[in-house]
Structures are given as C-alpha cells and as structure tokens.
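Observations on the model geometry
Here is how the chains run, residue by residue.
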Amino acid sequence: MGLCWGDECRKDLGSRWEARTLDREKIKILIKEQRAYFFTGATREEAYRIQALRKLRAWILKNQAEIEDALKKDLGKSRTESDMCEIGMVLEEIRFMLAHIHKWMAAKTVPSPLALFPARSFIKPSPRGVVLIMSPWNYPFLLTVGPLVDALAAGNTAVLKPSAYSPDTAKLISRMVRECFSLRQAAVILGGRKENQALLQEHFDFIFFTGSQQVGRLVMESAAKFLTPVVLELGGKSPCLVEKSADLKLAARRIVFGKLLNCGQTCVAPDFIYCDRRIKDRLLKEILEQIQIQYGDEPMKNPNYGRIVNEKHFDRLAGLIEEKKMVFGGAKDRASLRMEPVVLDGVTFSDRIMQEEIFGPILPVLTYESLEGAIANLRAMPHPLAFYVFSADRKLAGRIMDRLGFGGGCINDTVMHLATSEMGFGGFGESGMGSYHGKAGFDAFTHYKSILDRKPWPDVPLRYQPYGRFNSWVIRRIMGMKIYR
C-alpha cells in the first residue's frame, strides 16, 4: 500500500513521522515512495535541480542564526567558526553547483572508432536514484547538508541520517528538509543505532557515509549484500611533519589553528607533530606561545573555544593524557565538557595515544633523527585522511608528498585544502574511498552511462557469422592489428 506525501501524509503518520524515528516498515515505504518518484523522471530535469538548490540556499540564509544556535548548543561552536567552517562552506557548495550544473549534466560526445562508422559515442551523466547519507556529529550541518547539495545537484532523491550526538542540529536539519522538500524528494530519519541498523538493512542505490573506521566497515559490509556502491569518508591519524628548514612561527600558528578548530574534533586535524629533533624545542616554544595568543591564558573561558561533544568522548580523551609527558595544559571540567589544549612531549609510536585517532585538543610531539627514517615510519602507518608538511624547501616538500599515501593535505598549512570546491575531498585506504566537493561531489552521486548511437545503415556483414578468411583480414586491417600470413 502506498502513501501520500503531502500534508495528509504527515497527518496520517502523526507524531511518529514528525519525530522521524521510524520503524523498519515505514522506512521501507519511504524508500519505495522515493524510488517511485525518482522513476517519474522529475529529478532528472535541470530546472528541478536548480530549484531544489535555490530553495535550500534561501532557507539557510533565512535561518542562519538558528543554525548557529544549534551548533553552539551541540558543540559550543562560536558564530564565526560556524559561519566559516559549516554554513559558509555549504553556501559555497551550492553556489558552485549552480554555476556548473548545466555543463556537468550535458552528455559528452567522444570519438568513435572507424570500425563503428557511422555512429555517435557519448557519455551520459545519470543520477543514481535513492541515496542514503549518513553523517557524523563533529560538523553536523556541513557533513549532512554538503553531501545533500551534491546529491540534489546530481538529480537524486535522498534519505538523511544525522548523528544522534548532535541532536539540536539534527532536529534543525529535519525541519529544513521538511520545509524545503516533499518526503518523496528528501527525508530525515532521526534516532541512533537502532535507526542506523534499520536503514542499512534496506536497498539504496548509493550510500554516502562519513564517520569512524569501525562503523565504516559495518556500512560497507551491509552495502555488499545489495552490491550498493559507497563513498566512505573516515578518519585516521593525520601526521604533521615539520622539516628543519620550516618557518617555525608560521608552522606553529597554522598547526594550532588546525588542531584546535572545533576543539580538535576535526577529521583532518593534525593528529600529531613529527619534527626534526634539532628543532623540537624551538617549535614547542612557538606552539605554546601560539595557544596563548589565539586562545588566551585561560582557553576554557574563551567563548570562541568549543567543547567536547559528550561525556563518553571526554572520558576517552582524558584517559589518553600522560601527565608526565605534558608540557602544556591539563585543566578540564567534565561537568561543562571543557578541556584545555594539551601538548605532550617525549611521545613515541608505541604510546597508547599513538594507537588511535585522538579527535580532541591533545597534541603529541614526536621527533625523528633522519628524514628518510621519518618517511619510512609514516609509510608503515595506515593511510591517513590528511598529511601536512612544513618546509622552506618546496621541492623537498613536494617529494615528501609524492612518497606518502594519504587522502589530501597541505604544504605549509593545515586543514585549508577543504576550503575550495575546485578540489575533491576524500580518503585513501584505511581513511576511506571516493571523494566529494564540487565536481567530485557531482560525480560521486552520478553514474556515467557509455552509450553508442549506431546508424541503421550501412550494415556491413563482416562481423556476422559465418566467418571466412576475408572477414578476419579486413577486421584486422580496420582495427590496426597484425596481419598473419
């Protein structure tokens, strides 16, 4: 039995739908109805896609203050950080899509071989269908709505599952989607693990997941049941290598910015510093100065410094700190989920803090004796989502980048490679697969069909049975193959 999807539908489902915590049967109906709507062809039209993106942009601009408030409640984010790292990036993604969508939707003609004359060969972008977007709590607006922008631009319908750890932002996103789209176009499912598991038991045409490696494996395992293609944006221990020629003041300033953004809860934050032993003390001095310059003498009282998302993550982070190796920070308050930036010295790769992604305001500093040895050690680690190198020798920095595997990164900066829609963003190996942002985002939610439009004439009989010696000789000549006597 189908469902209507206007006001009558919401009235029929009542508070159970408005809460978006649906049982599996209603999730099945939702997916079925979205797929039926997709098959009408409405989402394939350029005008439809443009209108959807403009609706989204208008809602965001109108409700920007509410988005900032929700992010403040969930993560303690300042207005400036919310605008710079979440809302602004979503608006830029919408602008970029609107500027290029006409060109990207067009079929691309490619050369046809002589053997197929007369014919037209072309590549046709086609939306994937009903897509599932599962997002994390650390950048809850950006990492939910950003992929939604890409999905809508590519002509899909979407089911969104924001994290339960950022409830205020999740509820606001649910309201946004409800006010901008019908349920057949896009819908939000709130809830936690139960809802995640129910969604992953269903057949989607594409799954886009951002989160931990542990959950990413479960997503991929579930997708394999239906052979559903996936993009996985995971994490990892993103190294920051500081070479002896680096401008240490600049390096410290940019490392502190990237590390403490969102209180360290950033998937591409520099996880640890790996520096030449000879410059370690000077670099540490600059880092401690930069923390005080950027966050003041009491960072926990700074209104622009965020907080840890919940008690579970607070306790995990507190357990990673070895006080005997601490050279800065240490103050923390579980009641307010506030944690001062912490810098650790004398850390080795065997320490507990180096066995998992930190995802918080703790910065270990490790040293190396030789650059070749450092590269060998980094190669032995799982591929990180990001890698950063600071060096005044641009050629050397380029060579280091070439020799290591990672998702993306910066030379003489941190985090800022995410700030452009001109480059795709994604992981590599253990840090994920696939990419998005800009054209890469459109591509992720698009299937490219290869189509040959062959004319009905002439219909040369060479390819048809029965084959003779003459057939083989002509075919080989046409295809440039070797002629055997």
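Residues numbered from 1 in each chain as written. Predicted model: local features only at pLDDT ≥ 70, side-chain atom pairs only at ≥ 80, totals over all residues. Heavy atoms only, no water.

Once that is clear, we can look at helix α4 (residues 64-75). For α4, which comprises 12 residues, the first-to-last C-alpha distance of 16 Å matches the rise-based estimate of 16 Å (1.5 Å per residue) to within 8%. Check the buried side of α4 and you find it contacts α3 (46-62), α5 (79-105) and α7 (167-180). (Helix = DSSP H or I, 4+ residues; strand = E, 2+ residues; numbered from the N terminus. Expected span 1.5 Å × (residues − 1). Contact = heavy atoms within 4.5 Å.)

Between F117 and P118 the backbone carries a cis peptide bond, its omega angle lying at -5°. At the junction of Q465 and P466, the peptide bond is cis and its omega measures out at 0° in the coordinates. The residue P466 is located in the loop between β20 (446-454) and α16 (469-478) in this model. The phi dihedral of N262 falls on the positive side, at around 55°, and the residue is not glycine.

Time to look at the sheet that holds strand β13 (residues 342-344). Taken in spatial order, the seven strands line up as β10-β13-β14-β9-β8-β15-β16 in an open sheet, and their pairing is mixed. Both edges of this open sheet fall to β10 (326-328) and β16 (408-411), since each of them pairs with a single strand only. Within the sheet, the average angular offset between the axes of one strand and its neighbour, ignoring direction, is 25°. Alignment of strand β8 (residues 239-242) against strand β15 (residues 386-390), held across three bridges, turns out to be parallel. If you follow V242 over to β15, its bridge partner there is F390. (Pairing = 2+ DSSP bridges. Axes fitted to C-alpha atoms, helices over the stretch in contact; angles between N-to-C directions.)

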